Amino acid sequence: MKGVAMSFSGAICRVIVLTAAVVCGHDDWKVTCSPSQICALKGSIVQIKCSYTYPSKINSKPTVVEKKFWFTKEINGNYRDLKEDERYSNRVNYQCINNACTMNISNLRKSDSDVYKFRFTTNLESGKYTGLPGVRLSITDLQVQVNITGSTDHNQKRIKLTCNNKCQLSHPVSYIWFNDKRKLNVNSQSYLLQTFIATGKYYCAIKGYESFPSPAVYAPNIPLLSVIPSDEIVEGTAVTLNCSSDANPTAKYTWYRQNGAHVQKPRSETQRVFSSIQASDSGWYHCEADNDLGRIMSHSIYINVL
């Protein structure tokens, strides 16, 4: 098995490529943690395992391990045991047998993404050791990807929803889909919609972790129009028309204007900005919000330039 040697704080560490383990040691001191990188789902439980060795005697004095713990930060030689860190309160426990220790972190949060290091101390002042470089933990949450895959003869869109996370989970999982709060009869990673406009909010979860679903995706709500200034509009002044809609994915906007029989060519922009509005700009204005899940028009407002 081939490895890559690296030096950490005077010790020689070998990253075993095939097993992704980290082995750090100097003389008879050594910490082995496997794997060196872990990716876990928000809300789940993760295990970090480390084993250690140490000399039986230091300067002819017997060595006795007194404390074993994990930490993430070291400040001025002080190492804070995760069990004493309020961020991990009631979420961390250690299980140590002989020279092997396992740490469990439950109810994982995005803020738990960090590098975790194992340290043990002995009855002798010189008998303290930290395993470097540690184990990198990444916490991922679910995201729904939206893709248009085509359209039908009736002009309905085929919309593919895919439940993704940013890393490969270490074990097979089952996916669950919801429309609003209604559970759908779909157990695959993808869900196919065939519609003009998606109704309700769609989101996914992993079976067993339904309390940690993805953010919902949904078609735009009816856009809201606003005009600045909101009182009388006088020719030559600056005027801004805003269009906004709650939507996920984020909506794109198209503006429409009609003055009598004249219909202005649509303009794609979130705002209509007039640096010096003219009487000829008077008319009815409305906007359209759209994303891959649907589109919807706003109500119209009349701009009367005095």
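A brief report on the enclosed structure follows. For clarity, every value in this text was computed on a predicted model and none was experimentally measured.

Strand order in the open sheet formed by 3 strands is β20-β19-β22, and the pairing between neighbours is antiparallel. Bordering the open sheet on either side are β20 (182–183) and β22 (202–206), each of which pairs with just one other strand. Sheet topology places strand β19 (residues 175–179) next to β22; 5 bridges connect them, and they run antiparallel. The residue bridging tryptophan 177 from the neighbouring strand is cysteine 204, located in β22.

When the sulfur atoms of two cysteines share a covalent bond, that bond is a disulfide. Here the structure, examined in full by the defined rule, presents 4 disulfides. Disulfide pairing is shown between cysteine 163 and cysteine 204; the S-S distance is 2.0 Å. Taking the torsion about the S-S bond as the criterion, the cysteine 163 to cysteine 204 disulfide, at about 75 degrees, is right-handed. Of this pair, cysteine 163 sits in strand β18 (residues 157–164) while cysteine 204 sits in strand β22, placing them 41 residues apart in sequence. Note on accessibility: cysteine 163 and cysteine 204 belong to one class, buried. Paired through a disulfide, cysteine 243 and cysteine 287 show a sulfur-sulfur distance of 2.0 Å. On the S-S bond that ties cysteine 243 to cysteine 287, the torsion sits near 70 degrees, and the link is right-handed. Placement of the pair is cysteine 243 in strand β24 (residues 239–244) and cysteine 287 in strand β29 (residues 283–291), with a sequence separation of 44 residues. Cysteine 243 gets classed as buried once you look at its relative accessible area, which sits at 3%.

With that out of the way, let us pick up the packing of aromatic side chains. Any two aromatic rings considered together are summarised by their centre-to-centre distance and by the angle between their planes. Summed over all chains, the structure comprises 18 aromatic pairs. Ring centres 6.2 Å apart and planes at 20 degrees place the aromatic pair tyrosine 52 and tyrosine 54 in the stacked group. Taking the centre distance of 6.3 Å and the plane angle of 50 degrees together, the rings of phenylalanine 69 and phenylalanine 71 count as tilted. By the ring-pair criterion, three or more aromatic residues cluster together here, those being Trp29, Tyr52, Tyr54, Trp70, Tyr94, Phe118, Phe120 and Tyr129. Above the ring of phenylalanine 69, the side-chain terminus of lysine 67 is found at 5.0 Å from the ring centroid.

Our focus in this paragraph is the pattern of salt bridges. Applying the stated rule across the entire model yields 9 salt bridges. When the shortest N-O distance is used, the salt bridge between glutamate 125 and lysine 128 registers 3.5 Å. Looking at lysine 128, the relative accessible area reads 38%, which means it is partly exposed. What you see here is one network of salt bridges that share partners, running through Arg267, Glu269 and Arg272.

Conventions and cut-offs
Residues numbered from 1 in each chain as written. Predicted model: local features only at pLDDT ≥ 70, side-chain atom pairs only at ≥ 80, totals over all residues. Heavy atoms only, no water. Pairing = 2+ DSSP bridges. Helix = DSSP H or I, 4+ residues; strand = E, 2+ residues; numbered from the N terminus. Disulfide = S-S within 2.5 Å. Buried < 20%, exposed > 50% of the residue type's maximum accessible area, 1.4 Å probe, protein only. Phe/Tyr/Trp six-rings, centres within 6.5 Å; stacked < 30°, edge-to-face > 60°. Lys NZ or Arg CZ within 6 Å of the ring centre and 35° of its normal. Salt bridge = Lys/Arg side-chain N within 4 Å of Asp/Glu carboxyl O.

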